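Inside the fold
One letter stands for each residue in the lines below.
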Amino acid sequence: MSSNIDLVIFGARGDLAKRKLLPALYQLDKAGLLPDSTRVAAVARENIDTVEFIKHTSELFKDLYDKDKWDEKAWTRFSRRLHYIKVDFSQKKEFAGLKQWVVDKRTMIYYLATPPSLFGSICKHLDDAGCVTPTSRIVLEKPIGHDLQSSEQVNGAVGQYFDERNIYRIDHYLGKETVQNLLALRFANRMINSQWDNSCIDHVQITAAETVGIEGRWSYYDKVGQLRDMVQNHLLQLLCMVAMEPPSSLKADEIRAEKVKLLRALRPICEDKVEDHAVRGQYSAGWISGSPVVGYMEEEGCESDSSNNETYVALKVHIDNWRWAGVPFYLRTGKRMQDKVTQVVIVYKDNPHSLFPETEGEANNKLVIRLQPNEGIELEMVSKKQSLKERLKTEKRTLNLDFFDSSGESRIADAYERLLLEVMKGDQWLFVSRDEIEASWHWCDRLLASWRDKKVATKPYSAGSWGPSRAEILIENDNRSWQEE
Ligand code: BG6
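An unreviewed UniProt entry annotates the chain as Glucose-6-phosphate 1-dehydrogenase originating from SAR92 clade bacterium. Listed in UniProt under the heading Sequence similarities (unreviewed entry), the comment for the chain reads: "Belongs to the glucose-6-phosphate dehydrogenase family." Taken directly from UniProt, the Function (unreviewed entry) text for the chain runs: "Catalyzes the oxidation of glucose 6-phosphate to 6-phosphogluconolactone."

Remarks on the sheet that holds strand E1 (residues 5-10)
The strand order E3-E2-E1-E4-E5-E6 describes an open sheet built from six strands, whose pairing is parallel. Of all strands in the sheet, those bounded by a partner on one side alone are strand E3 (82-86) and strand E6 (167-169). Each neighbouring strand pair of the sheet contributes to a mean axis angle of 20°, computed without reference to strand direction. Strand direction decides the pairing type here: strand E2 (residues 40-44) and E3, joined by five bridges, are parallel. Residue pairing in the sheet places Ala 42 in a bridge with Tyr 84 of E3.

Some words on the packing of aromatic side chains
The full count for this structure, using the stated rule, is 21 aromatic pairs. Centre to centre, the rings of Trp 70 and Trp 75 are 6.1 Å apart; their planes meet at 40°, and the pair counts as tilted. Relative accessible area serves as the criterion here: at 18%, Trp 70 is assigned to the buried category. For Trp 75, a relative accessible area of 6% puts it in the buried group. Ring geometry for Tyr 283 and Tyr 461: centres 6.3 Å apart, planes at 70°, overall edge-to-face. Note that Tyr 283 is positioned in strand E8 (residues 278-284) and Tyr 461 in strand E17 (residues 459-462), a separation of 178 residues in sequence. Of the aromatic side chains, those joined through ring pairs into one cluster are Tyr 26, Phe 61, Tyr 65, Trp 70, Trp 75 and Phe 78. For the cation-ring pair, Lys 176 lies above Tyr 173, with the distance from its terminal atom to the ring centre recorded as 4.7 Å.

So, the nonpolar core
In terms of nonpolar packing, the biggest core is built from 128 residues, with Phe 10, Leu 98, Tyr 110, Leu 315, Phe 329, Ile 346 and Leu 367 touching the most fellow members. The element that contributes the greatest number of residues to this core is helix H9 (residues 218-243), accounting for 11 residues. Ignoring sequence-local partners within four residues, the contact set of Ile 346 consists of Trp 196, Ile 201, His 203, Val 204, Val 242, Asn 365, Lys 366, Leu 367 and Ile 369. In terms of nonpolar packing, the next biggest core, distinct from the first, is built from 18 residues, Ile 214, Tyr 461, Trp 466 and Trp 482 among them.

Side note on the UniProt feature "binding site: substrate" (unreviewed entry) in the chain
Mapped onto the present numbering, the UniProt feature "binding site: substrate" (unreviewed entry) falls at His 172, Lys 176, Glu 210, Asp 229, Lys 335 and Lys 340. Counting through the fold element by element, Lys 176 comes out in the loop between E6 and helix H7 (177-188). Lys 176 has contacts with Leu 371, Gln 372 and Ala 415, leaving out every residue within four places of it along the chain. Structurally, Glu 210 can be placed in the loop between strand E7 (201-209) and H9. When sequence neighbours within four positions are dropped, the list of residues in contact with Glu 210 reads Gln 226, Met 230, Gly 334, Lys 335, Arg 336, Met 337, Asp 339 and Lys 340. Of the polar contacts made by the side chain of Glu 210, one reaches the side chain of Lys 335; its length is 2.7 Å.

About the thresholds
- Residues numbered from 1 in each chain as written.
- Predicted model: local features only at pLDDT ≥ 70, side-chain atom pairs only at ≥ 80, totals over all residues.
- Heavy atoms only, no water.
- UniProt positions renumbered as here; feature names shortened; annotations may be inferred.
- Pairing = 2+ DSSP bridges.
- Helix = DSSP H or I, 4+ residues; strand = E, 2+ residues; numbered from the N terminus.
- Axes fitted to C-alpha atoms, helices over the stretch in contact; angles between N-to-C directions.
- Phe/Tyr/Trp six-rings, centres within 6.5 Å; stacked < 30°, edge-to-face > 60°.
- Buried < 20%, exposed > 50% of the residue type's maximum accessible area, 1.4 Å probe, protein only.
- Lys NZ or Arg CZ within 6 Å of the ring centre and 35° of its normal.
- Core = buried A, V, L, I, M, F, W, Y, C linked by side-chain atoms within 4.5 Å.
- Contact = heavy atoms within 4.5 Å.
- Polar contact = N/O pair within 3.5 Å; in protein donor to acceptor, adjacent residues only side chain to side chain.

Right, here's the structure in full:
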């Protein structure tokens, strides 16, 4: 990594900066991974100065970290890097203040933790103020648009000032250890990759279940829904990592090209198939971990009498290529579900002929790739039961690869630590290319249009459940069932 790197965070007083970006930079610094000379400019509209900003950040960190883990020395070192610069993002002339801080010969990383509607104008003002050089990088948070057309506009506006090789589009799922481990699991293990296709795999399930609701974002979320919030980005990225063809190397361009091919091979869910292949749900009041929670329409900030917005999606997806012909991928994600679970389950086919009647008709092998909780990989297998009395009785056993135990680290790094490190290194392998974003919107737009044209209504589900019963039917129609814990 070059040592001449500085970071500018736009939206430095916002939630993302407070919860993720500043803590991630602090952790990187603490681990000795930030170059000594790296400076961090926190940019926002509020009229405060650097001293006040540092004071707020120290209070924030003291709330975030246990008292006994607080490292005063590491904090002092990190706080010296921080500078607060007041900029009203809509005012061109206010970027002059930032220009004074920018040093031409250093690589500037501009992180836009702002609403996407500001991306284009911030890039323009940066360029007008002379803050953009051929080495400057820009980091964009999701959502990039709400459909293909609007994402093209955002990408087009940013692309006027930054070359694609300097644009880093965040999908924080790609920063998670287990998602990166999918590459190692799939492509470093002959035993796994030789059986990674329709000859051995019956189907794949991808679940991202959350217990949280919409966290005070009702008016935003009601225009977005779970398909745009979670499927278009995180679930489709997971699907890519599970199903793409092996790249010829681990270079960013090679990996990203394979993901684009996969996204383009997704079979569209058209109007005639939409009822059988896609379920929309909306939570009603219920219980989570023994406490009552309100329904979507009773959430704080709800402004309407009715809403057909989905807080849950279940999909049956087909990939039209040689490897995956005939293998369904079942995807589901929802708010206010029973547990917080994010996992991929690979369900292998049954044996062609069964020697063990007790295992007949069920999948003997399942590979569970868990992102949260307890990051790790489990392989379910059948083994002989240890017993003198029984002749050859079998039982299910699990081979367990627990990341936390094996890493030797006292903590697993947050996704944003990894992502910020990769931006600083100038490696785009964990970032989403323009082609990927546009291919995924193209597919989601088709599904959204099918829902709209067929007037598909959301099905209610109780908070604290696993989603609407219609989602059970979606998979049970194929004589399969969702893999819960
Ligand atoms: C975000 C969504 O991108 O991902 C949120 O906007 C969601 O609605 C979050 O809660 C889930 O992330 P994670 O890492 O907790 O699974």
